[in-house]
Amino acid sequence: MNYHSMAIQKNWEELVPEMQVLITALMRALSSGFLSIAVALSILQIQFNRIHEHWIALTILIIGSILALGSLYAMYLIRTKTKGRPPITIVLVIFIMMVLGYFFNIYS
């Protein structure tokens, strides 16, 4: 992503191959974690639609909030400690939508 090269002030081609492998591996591990959380939250939402138990909606909110707030904190560090400008707005929008989704689940 563009802000990654801004944060480290180097182009991808300037990094030694070992650093490229390390960054790529970290991004793949993180994305597989995001994907597994998305699948788990989808399964929980389907289950909630069937049985409407409050703990399921709360679990979705807690798991999603941990993910969103952790991402926001990481982006905050990048924004304040480097020249990189990560897309904080999109994560904030997703977080707000998740909180709204919780209330729609509870009051529907």
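Residues numbered from 1 in each chain as written. Predicted model: local features only at pLDDT ≥ 70, side-chain atom pairs only at ≥ 80, totals over all residues. Heavy atoms only, no water.

Colleague: How would you sum up helix α2 (residues 17–51)? Please name residues and give values.
Modeller: Given a rise of 1.5 Å per residue, 35 residues ought to cover 51 Å, and the 51 Å separating the end C-alpha atoms of α2 matches this to within 8%. For α2, the complete set of buried residues consists of Q20, L41, L44 and F48. Those residues of α2 that are buried lie in contact with α3 (54–81) and α4 (88–106). Trailing α2 by a residue or two, H52 shows a phi angle of about 50°, which is positive. (Helix = DSSP H or I, 4+ residues; strand = E, 2+ residues; numbered from the N terminus. Expected span 1.5 Å × (residues − 1). Buried < 20%, exposed > 50% of the residue type's maximum accessible area, 1.4 Å probe, protein only. Contact = heavy atoms within 4.5 Å.)

Colleague: Give a detailed account of the packing of aromatic side chains, specifying residues and quantitative values.
Modeller: Under the defined criterion, the tally for this structure stands at 2 aromatic pairs. Look at Y102 and F103: their rings are 5.3 Å apart centre to centre, the planes differ by 75°, and that puts the pair in the edge-to-face class. Residues F103 and Y107 carry aromatic rings whose centres are separated by 6.3 Å and whose planes lie at 5° to one another, so their mutual orientation is stacked. On the accessibility criterion, F103 (41% relative accessible area) is partly exposed. The exposure class of Y107 is exposed, given its relative accessible area of 67%. Put simply, the rings of Y102, F103 and Y107 touch in pairs and so form one group of aromatic residues. (Phe/Tyr/Trp six-rings, centres within 6.5 Å; stacked < 30°, edge-to-face > 60°.)

Colleague: Tell me what's going on with the nonpolar core, and back it up with residues and numbers.
Modeller: Membership of the largest hydrophobic core is limited to 8 residues, which are L41, L44, F48, I56, A57, I60, L61 and Y102. At 4 residues, the largest contribution of residues to this core is made by α3. Contacts of L61, omitting those with residues within four sequence positions, involve M98, V99 and Y102. Within the second largest apolar cluster, 5 residues are counted, among which are A68, L72, M75 and V91. (Core = buried A, V, L, I, M, F, W, Y, C linked by side-chain atoms within 4.5 Å.)

Colleague: Tell me about the layout of surface pockets, and please be specific about residues and values.
Modeller: By volume, the largest pocket is sized at about 840 Å³. Together, 24 residues line the largest pocket, and M1, Y3, H4, M27 and L30 are the ones closest to its centre. Of all the secondary structure elements, the ones that give two or more residues to the lining of the largest pocket are α1 (2–8), α2, α3 and α4. Top element by residues in the lining of the largest pocket is α2. It accounts for 7 residues. Its volume calculated, the second largest pocket comes out at about 260 Å³. Lining of the second largest pocket is provided by F34, I37, A38, L41, G64, L67, A68, S71, I90, V91, I94 and M98. Of the residues that constitute the lining of the second largest pocket, the class distribution is 10 nonpolar, 2 polar and no charged. (1 Å grid on protein atoms, 1.4 Å probe; cavity = no way out; pocket = protein on both sides within 12 Å on 5 of 7 lines; lining within 4 Å. Points joined across faces, edges and corners; volume = space filled by probe spheres on them. Nonpolar A, V, L, I, M, F, W, Y, C, P; charged D, E, K, R; others polar.)

Colleague: Go over the packing of α2 against α3 with me, naming the residues and quoting the values.
Modeller: Between α2 and α3, the least distance of the axes is 9 Å, while the angle of their chain directions is 160°. Judged by the inter-axis angle, α2 sits roughly antiparallel to α3. When the axes of α2 and α3 are compared, the crossing they make is left-handed. Where α2 approaches α3, its residues F34, I37, L41, L44, Q45, Q47, F48 and I51 are matched on the opposing element by I56, A57, T59, I60, I63, G64, L67 and S71. Residue composition of the contact of α2 with α3, grouped by class: 11 nonpolar, 5 polar and no charged. (Axes fitted to C-alpha atoms, helices over the stretch in contact; angles between N-to-C directions. Parallel < 35°, antiparallel > 145°, perpendicular 65-115°, else oblique. Left-handed = near helix turned anticlockwise from the far one by under 90°.)

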